[in-house]
Amino acid sequence: MQDKPAPYQGLEDRLILRDYLAADRTILANERTFLAYIRTALTLFVAGLSFVHLKIFSSPIVEAIGVIFILLGIATFFVGLVRYKRMQVLIREIKKKELGEGNAS
């Protein structure tokens with residue numbers, strides 16, 4: 001039924017429970033950080049839209065602030081995405097290296 005190999009296959013004799021949990025905590029921390037970037041980006045984007053559509057204090061300055069917030073929200077999302085992907089690749093490389101060393105000895 002299960003076609004995918006276990007993530008720690010080959011290291012069972014060398015790893016203890018603490019090592020498994022540390023690796024899983026690192027993966028979850030990376031995902032949590034990415035979600036924080038998304039929340040921040042959405043907040044900036046919505047605040048920017050609110051400033052742009054604010055009719056009470058309609059002025060070019062308020063609209064400019066709104067546009068800046070929208071652009072900051074978009075930039076924050078992409079910065080978070082790039083950092084998440086970089087860390088994900090780094091985690092994969094570390095796992096491959098550990099698996100390679102586990103099979104060699």
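For the structure itself, consult the block above.
Residues numbered from 1 in each chain as written. Predicted model: local features only at pLDDT ≥ 70, side-chain atom pairs only at ≥ 80, totals over all residues. Heavy atoms only, no water.

Draft legend 1. Up close: the overall build of the chain. Counting its secondary structure elements, the chain contains 2 helices and 0 strands. Considering the chain as a whole, with its 105 residues, one finds that 16% of them fall into the buried category. As presented, the chain carries roughly 8200 Å² of accessible surface, and 67% of it is formed by carbon and sulfur atoms. (Helix = DSSP H or I, 4+ residues; strand = E, 2+ residues; numbered from the N terminus. Buried < 20%, exposed > 50% of the residue type's maximum accessible area, 1.4 Å probe, protein only. Areas by Shrake-Rupley, 256 points an atom, 1.4 Å probe, with all protein chains shown as cover.)

Draft legend 2. Structural context of helix H1 (residues 17–52). The terminal C-alpha atoms of H1 lie 52 Å apart, and with 36 residues this matches the ideal 52 Å at 1.5 Å per residue to within 8%. Buried within H1 are the following residues: Asn30, Phe34, Tyr37, Ala41 and Gly48. (Expected span 1.5 Å × (residues − 1).)

Draft legend 3. Structural context of a nonpolar patch on the surface. On the surface, Val67, Leu71, Ile74, Phe77 and Phe78 cluster together into a nonpolar patch covering about 440 Å² of accessible area. In this fold, valine 67 is placed in helix H2 (residues 60–104). (Patch = residues over 30% accessible without salt bridge, like charges linked within 9 Å, V, L, I, M, F, W, Y side chains within 5 Å. Salt bridge = Lys/Arg side-chain N within 4 Å of Asp/Glu carboxyl O.)

Draft legend 4. Geometry of the packing of aromatic side chains. Counted under the stated rule, the structure contains 4 aromatic pairs. When the centroid spacing of 4.7 Å and the interplanar angle of 20° are considered together, the rings of phenylalanine 34 and tyrosine 84 count as stacked. Taken together, the residues phenylalanine 34 in helix H1 and tyrosine 84 in helix H2 connect sequence positions 50 residues apart. According to the relative accessible area criterion, tyrosine 84 is buried, its value standing at 14%. (Phe/Tyr/Trp six-rings, centres within 6.5 Å; stacked < 30°, edge-to-face > 60°.)

Draft legend 5. Structural detail: the environment of valine 82. Inspection of the secondary structure assignment puts valine 82 in helix H2. In this structure the C-alpha to C-alpha distance between valine 82 and phenylalanine 34, which are 48 residues apart in sequence, comes to 9.5 Å.

Draft legend 6. Local environment of the side chain of threonine 76. Mapped onto the elements of the fold, threonine 76 is located in helix H2. If near-sequence neighbours (up to four positions away) are discounted, threonine 76 is found in contact with Tyr37, Thr40, Ala41 and Leu44. (Contact = heavy atoms within 4.5 Å.)

Draft legend 7. The environment of isoleucine 68, seen in detail. Within the fold, isoleucine 68 resides in helix H2. When the C-alpha positions of isoleucine 68 and leucine 44 are compared, they lie 9.2 Å apart, and in sequence the two are 24 residues distant.

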